2 protein chains.
Amino acid sequence: MSAYQKLEKKFYRLGQLGHLGAIVGWDQRTMMPKGGASARANAMAELAVISHEIVTGSDMADLFDAAASENLSDWQRANLREMHQSWRQESCLPAELVEAKSLAEAKSEDAWQEMRGKNAWDDFKPIFAEVVRLTREEADVRLAATDSDDAPISRYEALLALYEPGCSIAEIDQVFGTLKETLPALTQEIIEKQQSEAVTTPEGPFSTSSQEALVREVMLHLGFDFDGGRLDVSHHPFCGGVPEDVRITTRYSETDFVESLYAVIHETGHASYERGLPREWGNQPVGMARSMGFHESQSLLFEMQIGRSRAYVSYLVPLLEKQLGNKGAYTVDNMARLLTRVEPGYIRVNADEVTYPAHVILRYEIEKDLVEGKIEVGAIPELWHQKMIEYLGLETGNNHKDGCMQDVHWPAGAIGYFPTYTLGALTAAQLFAKLKTAISDIDRQIAKGDITAIREWLGKNIWSVASSLSGKDLIKHATGEPLNPDYFLTHLKDRYLDA
Amino acid sequence: MSAYQKLEKKFYRLGQLGHLGAIVGWDQRTMMPKGGASARANAMAELAVISHEIVTGSDMADLFDAAASENLSDWQRANLREMHQSWRQESCLPAELVEAKSLAEAKSEDAWQEMRGKNAWDDFKPIFAEVVRLTREEADVRLAATDSDDAPISRYEALLALYEPGCSIAEIDQVFGTLKETLPALTQEIIEKQQSEAVTTPEGPFSTSSQEALVREVMLHLGFDFDGGRLDVSHHPFCGGVPEDVRITTRYSETDFVESLYAVIHETGHASYERGLPREWGNQPVGMARSMGFHESQSLLFEMQIGRSRAYVSYLVPLLEKQLGNKGAYTVDNMARLLTRVEPGYIRVNADEVTYPAHVILRYEIEKDLVEGKIEVGAIPELWHQKMIEYLGLETGNNHKDGCMQDVHWPAGAIGYFPTYTLGALTAAQLFAKLKTAISDIDRQIAKGDITAIREWLGKNIWSVASSLSGKDLIKHATGEPLNPDYFLTHLKDRYLDA
């Protein structure tokens, strides 16, 4: 057995442990009774330890050395690169740091759960400061352990690489810079235009069963395969499971069907990516989704580019009448307006696609300076307040629970994650622009609820490529050029100003 | 760290892998879409390989040697015994035999799935013969690998030890011999008595939702804790999950509520045992249920001893009226008769408690001779036919699908399992006889649907003892004497002749 094959075998095992973790993790959020939580946490922790032991095995360094000079196919070579990156990321941290950080994160997330509702920033601050301290330490170790050409050049980049490998601060600064220049005026213009446009919100109640019938029909038309997946309910919508059995969730509110419906469309985008990954490379790193940003690009392509387009709304309206009963508000004009309403708000997850980047850029700027040591935790609320005024015209003041305490990411130690949301939105716009040139009657197809050709194109250009290309190469492969925020801005102008 | 502690750590890991396998196994039978089956099988196979590697690690023999002379508490000593047995059973088989047998079993179970419905015994025979051949080989290896005082003395005992450790053929022959002498005449007498007793079967349809409301209420009264468990639907009812999160299933037929209800009562017995295991020994072999026979004793104690007693029926009748609507057949007299109707039939799983042992004894006699090499696979149908006539007065002839092809056990390679059903029934009767002396007004409590005192007694005498005692010692510990079939026979006479 060659060194490469030995590595494949180890990663096959990791993949299978990942399968178990994915199903059990899904169970934890959808099925598990509350009394099972503590035993489950122990089982998941042991699973993490076993996986860590495999990937940091004492023979790994030698195997990578030997495999580097073996005769490999392009995909094997790419797989070796991904395995190596995974090994480096997992093995560079001393066990004590991993343990200290996961304890601090658990403590901080628990504290956040309790303190957010009470707006108790002062109590939360020292607990979170410990997470930041250990995150800086982690970033230092990661930075020192990198050796390749496009290795991270700063603490923050070392963290970013965990979510968006190969993405640099320079690149983010450039694209976010363009957005910062353009979006405030654009947002203002859109809001002024929309002020003259009356919108009626359909009045509920909408029964859970009718909403479920609606979203299941929508999923089917979007190409979701119920023989290889499920739809369930959870507190926060997510996409889990494995490519052969991909499971999405939503939540139902009897007063608002839009929330469950668009969560489902969003998660169906994630699910389609997972399901379209090359099965012959399943359980190998090269066969997995490229990055968090690319994952989000697929969910946002479904939710925003397709799902809120006028064409898609014209497909939806008869479905709404069929499943929810005619509530009088389901005209194409009204629903299209409702689904593209722009309004600056405090809460990121409720933001429309126009104001969403401001929420991300604000977090990016703060977390970057925090990790690099330019600011300390105590400075966050004032910075938040100032940037909210600057980017969205809203004063947060001491409303921390709708300010810097609103998201779970920081309390849980996921620093460096936020940019992927907006990278995903930009990528989705760029991919969709390309799709419009590739499929001449794309609007007509969407208006029929038929996205077969879109799925085929995405399957060929994104999903089946998996991690065989770097993120930079993947966007070029699919669209012919590097990530370019102009597509997103053009999309906003087309949809919100010229429509 | 002492050798014993090192062993505990290894078995802790095995326990956590077992947790993952239990949840994922539950998922497989309740939630998994069919397209997920093949990937899931691979993940489960890898989990089995990982567990096998841990338990057969090269340092295990030395650890057991060293631990034997360490200073241990009684429970640690018992845990060491259980760990050692688990290690011996798992490590004695050569990998090639394990693989050959699991392939043969998978092939045979698949063939059975397809051929049972077609009654295609001749096609199935050679495929099953391969399972038997490998089972004999396995039994030989197991037999050669045993070394303790109460080690198995024949191939069949070596297999039996996998399900009912410490149980001998001599013991089974003795108790089954008593049953064989007594049951045929007793059954005849019961049937004759029941001929004069009219029974009305409640007429459906019974909606699934009303049946579910009924069984959930019954579960609650039986002490099932929904904060640490679930009820779901599966093709065959089962009890799965882990003690902290124990999950039972049932199935609903709109024409028959008795099936779902008594499956739930049965599985709640299993679940109560799991839930009552000593949490401080969770994930260690000594903290697990004693054996398949003891597990079945708890389910049958709930289903048969409690559930079909006249006292319990008098508790049930108002519940049936409340949840299913008054269908006119819910008198205590009628329901008690319906739930204790005795009728010899071809199918084991449909058998009443009086004729059930005949089905088990028949299988036991055939599988024992098959493993010991006294008969070959080709002889099974004729033996089945003859024994069915002798024990139940029914001719199977060439109706193999309702004869020797009816159960999944043999096709799946579970040879040596069947006796545990009847050992469980006998144990349940013996425990319940003891319970009646321990709780003077037990009938009155059951008639109120209150089994708190019963649960307390079982918790103290069976559940919390777990595997700290051998099977032989456990029945003595709980009832003061060895397994004695007279309690079961007395129970049948009391219920079916003297009532």
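Residues numbered from 1 in each chain as written. Chains lettered and ligands numbered in written order. Predicted model: local features only at pLDDT ≥ 70, side-chain atom pairs only at ≥ 80, totals over all residues. Heavy atoms only, no water.

Trainee: Please give an account of the pairing of strand 2 (residues 239-242) of chain A that cites residues and values.
Mentor: All names here are of chain A. Where strand 2 lies against strand 3 (residues 245-250), four bridges are found, and the strand directions are antiparallel. Counted as the bridge partner of G240 is R247 from strand 3. Taking the residues between adjacent antiparallel strands as the criterion, strand 2 and strand 3 are bridged by two residues. (Pairing = 2+ DSSP bridges. Helix = DSSP H or I, 4+ residues; strand = E, 2+ residues; numbered from the N terminus.)

Trainee: Go over the environment of B:D402, please, and point to the residues and values.
Mentor: Residue and element names in this part refer to chain B. Inspection of the secondary structure assignment puts D402 in the loop between helix 15 (380-392) and helix 16 (419-438). Measuring from C-alpha to C-alpha, the distance between D402 and I347 comes to 6.2 Å, with 55 residues separating the pair along the chain. Within the structure, the side chain of D402 is placed 3.0 Å from the side chain of N399, a separation counted as a polar contact. (Polar contact = N/O pair within 3.5 Å; in protein donor to acceptor, adjacent residues only side chain to side chain.)

Trainee: Can you break down the interface of chain A and chain B residue by residue, with the values?
Mentor: Much of the literature gives interface size as the accessible area that the parts lose upon coming together. Taken together, the contacts link 33 residues of chain A with 33 residues of chain B. At the boundary of chain A with chain B, total buried surface from both sides reaches about 2900 Å², with 59% on carbon and sulfur atoms. Along the contact surface separating chain A from chain B lie ten salt bridges. Between A:R247 and B:D27 there is a salt bridge, and its shortest N-O distance comes to 2.7 Å. Counting across the chain A and chain B interface gives 16 residue pairs in polar contact (both at pLDDT 80 or more). For the side of chain A that touches chain B, the secondary-structure elements that each account for two or more residues are helix 1 (3-30), helix 2 (37-55), strand 1 (229-233) and strand 3 of chain A. Of the residues forming the side of chain A that touches chain B, the biggest block, ten residues, is contributed by helix 1 of chain A. Partitioned by chemical class, the residues of the side of chain A that touches chain B number 15 nonpolar, seven polar and eleven charged. (Contact = heavy atoms within 4.5 Å. Buried area = accessible area lost by both parts, 1.4 Å probe. Salt bridge = Lys/Arg side-chain N within 4 Å of Asp/Glu carboxyl O. Nonpolar A, V, L, I, M, F, W, Y, C, P; charged D, E, K, R; others polar.)

Trainee: Give me the lowdown on unusual backbone geometry, citing residues and values where you can.
Mentor: The bulk of non-glycine residues show a negative phi, and the bulk of peptide bonds are trans. Cis geometry marks the peptide bond from A:G204 to A:P205, where omega comes out at 0°. Here A:P205 is to be found in the loop between helix 8 (169-195) and helix 9 (208-221). One non-glycine residue, A:N119, lies in the positive phi region at around 60°. Mapped onto the elements, A:N119 comes out in the loop between helix 5 (95-115) and helix 6 (121-145). Given a relative accessible area of 25%, A:N119 falls into the partly exposed group. The backbone of B:A466 sits at a positive phi, close to 50°, despite the residue not being glycine. Tracing the backbone through its elements, the reader meets B:A466 in the loop between helix 18 (452-461) and helix 19 (471-479). Judged by relative accessible area, B:A466 falls into the buried class, the value being 0%. (Buried < 20%, exposed > 50% of the residue type's maximum accessible area, 1.4 Å probe, protein only.)

Trainee: Can you tell me about the sheet that holds strand 2 of chain A, naming the residues and giving the values?
Mentor: All names here are of chain A. Spatially, three strands are ordered 1-3-2 in an open sheet, and the strand pairing comes out mixed. For this open sheet the edge positions go to strand 1 and strand 2, each flanked by a neighbour on one side alone. Within the sheet, the average angular offset between the axes of one strand and its neighbour, ignoring direction, is 20°. Running over the sheet, helix 10 (residues 257-276) touches strand 1, strand 2 and strand 3 and is turned about 165° from strand 3. (Axes fitted to C-alpha atoms, helices over the stretch in contact; angles between N-to-C directions.)

Trainee: Hey, could you go over the side chain of A:D245 for me, with residue numbers and the actual values?
Mentor: Tracing the backbone through its elements, the reader meets A:D245 in strand 3. Ignoring any residue separated from it by four or fewer positions in sequence, one finds A:D245 in contact with A:I23, A:G228, A:G229, A:G240, A:R275, B:M32, B:P33, B:G36 and B:R40.

Trainee: Would you mind going over the sheet that holds strand 2 (residues 239-242) of chain B in detail, with residue names and values included?
Mentor: All names here are of chain B. If you walk across this open sheet you meet the three strands as 1-3-2, and the pairing is mixed. Edge strands, defined here as strands with exactly one partner in the open sheet, are strand 1 (229-233) and strand 2. Adjacent strand axes in the sheet meet at a mean angle of 20°, parallel and antiparallel pairs treated alike.

Trainee: I'd like to hear about the pattern of salt bridges, residue by residue, with values.
Mentor: Any two side chains of opposite charge can pair if their charged atoms end up close together. Scanning all chains against the criterion turns up 70 salt bridges over all chains. A salt bridge links A:R444 to A:D441, with the nearest nitrogen and oxygen atoms 2.7 Å apart. Accessibility expressed as a relative area gives 53% for A:R444, which makes it exposed. A salt bridge links B:D407 to B:R363, with the nearest nitrogen and oxygen atoms 2.7 Å apart. Of this pair, B:D407 sits in the loop between helix 15 and helix 16 while B:R363 sits in helix 14 (residues 356-372), and the two are 44 residues apart along the sequence.

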